[in-house]
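Structural overview for review
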Amino acid sequence: MIRMSCIHHIFVTFMFLAWLAEGDNYVQDACTVTRYRNICVRTLASFSNTARRSPSKWARAGVSVTIGEVKNVTQDLIGLKKQRVMKGMNIIALSDCIECFEDAVDELYKSLNVLRNLSKSTFDIQMGDLNTWISAALTDEDTCLDGFEGVEGGKQVELLRKWVLNASYVTSNALALVSKLASTGVESLNDP
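We now turn to the structure provided with this report. The shown structure was predicted, so the numbers you read here are calculated from the model rather than taken from an experiment.

What follows deals with the overall build of the protein. A count of helical and extended segments in the protein gives seven helices and zero strands. Secondary structure elements of the protein, listed N to C terminal, follow the sequence α-α-α-α-α-α-α. A fraction of 73% describes how many contacts in the protein between residues 6 or more apart in sequence connect residues 24 or more apart. Accessible surface, the protein: about 11000 Å² in total, of which carbon and sulfur atoms supply 56%.

The next subject is helix 4 (residues 55–83). The terminal C-alpha atoms of helix 4, which comprises 29 residues, lie 42 Å apart, in line with the 42 Å expected from a rise of 1.5 Å per residue. Two residues or fewer past helix 4, R84 is found with a positive phi of approximately 55°.

Quick look at a negative patch on the surface now. A cluster of acidic side chains, namely D96, E99, E102, D103 and D106, defines a negative patch on the protein surface. When you line up the elements, E99 lands in helix 5 (residues 89–116). E99 gets classed as partly exposed once you look at its relative accessible area, which sits at 48%.

Parameters at a glance
- Along each chain, residues carry numbers from 1 onward, in the same order as the chain's sequence is written.
- Where totals are concerned, whole chains, interfaces and linings use all residues; where local detail is concerned, this predicted model gives features only for residues with pLDDT of at least 70, and gives and counts side-chain atom pairs only at 80 or more.
- As a rule here, side-chain values come from all non-hydrogen atoms in the structure, and water together with hydrogens is ignored.
- For helices the rule is a DSSP run of H or I covering at least 4 residues; for strands it is a run of E covering at least 2, with both sets numbered from the N terminus onward.
- Any two residues whose heavy atoms approach within 4.5 Å at even a single point are treated as in contact.
- Accessibility throughout is a Shrake-Rupley quantity obtained with a 1.4 Å probe, and a residue counts as covered only by protein chains that appear here.
- In a helix, the anticipated span is given by 1.5 Å times the number of residues less one.
- A patch consists of residues exposed above 30% relative accessible area that lack any salt bridge, with like charges linked at up to 9 Å and nonpolar side chains (Val, Leu, Ile, Met, Phe, Trp, Tyr) linked at up to 5 Å.
- Any carboxyl oxygen of Asp or Glu within 4 Å of a side-chain nitrogen of Lys or Arg constitutes a salt bridge here.
- None of His or the chain ends enter the tally, which takes Lys and Arg as positive and Asp and Glu as negative.
- Just so you know, the charge point we use is NZ for Lys, CZ for Arg, CG for Asp and CD for Glu.
- Between buried and exposed lies partly exposed: a residue is buried under 20% and exposed over 50% of the maximum accessible area for its type, with that area taken using a 1.4 Å probe on protein chains only.

Structure follows, in structure tokens:
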């Protein structure tokens, strides 16, 4: 009886590990189209077993994760402004940066809404809108950093650059996943 229980435990453990490995393959496959693959795998791994091989689900997951990241950076930037440690041109650049990130959040929400309501009859138009809005979000993030070019700012500016760059990497990955969806065409909407 004990031996049978042990065999059952080993079997269940093996099946669980196989299931995890399969999920890992899904996210690895989905992230092959992205520029920042390690970030893609890390941020989207939890979607593996629901998105599986569906380009539309991966695109939606990518945009959802990006919204979370960009909202977090927006809150971090607002917190940095409240600390009042930046002076002169840096505080102006920080205010501009916050505005850019708020615009990016709006564009990403519009994108997510489209991804939740994909239609075969308007697929090409929707893909164009998604490309426009996610590209605009990426431009907003890049514009944020423009205000800090050639400026001395110490730890706060370096931290800000790190936050913004990470958000732009996640956004770039979302754009790549949307581009993959667009390239697979309207037929991909039949995926489970």
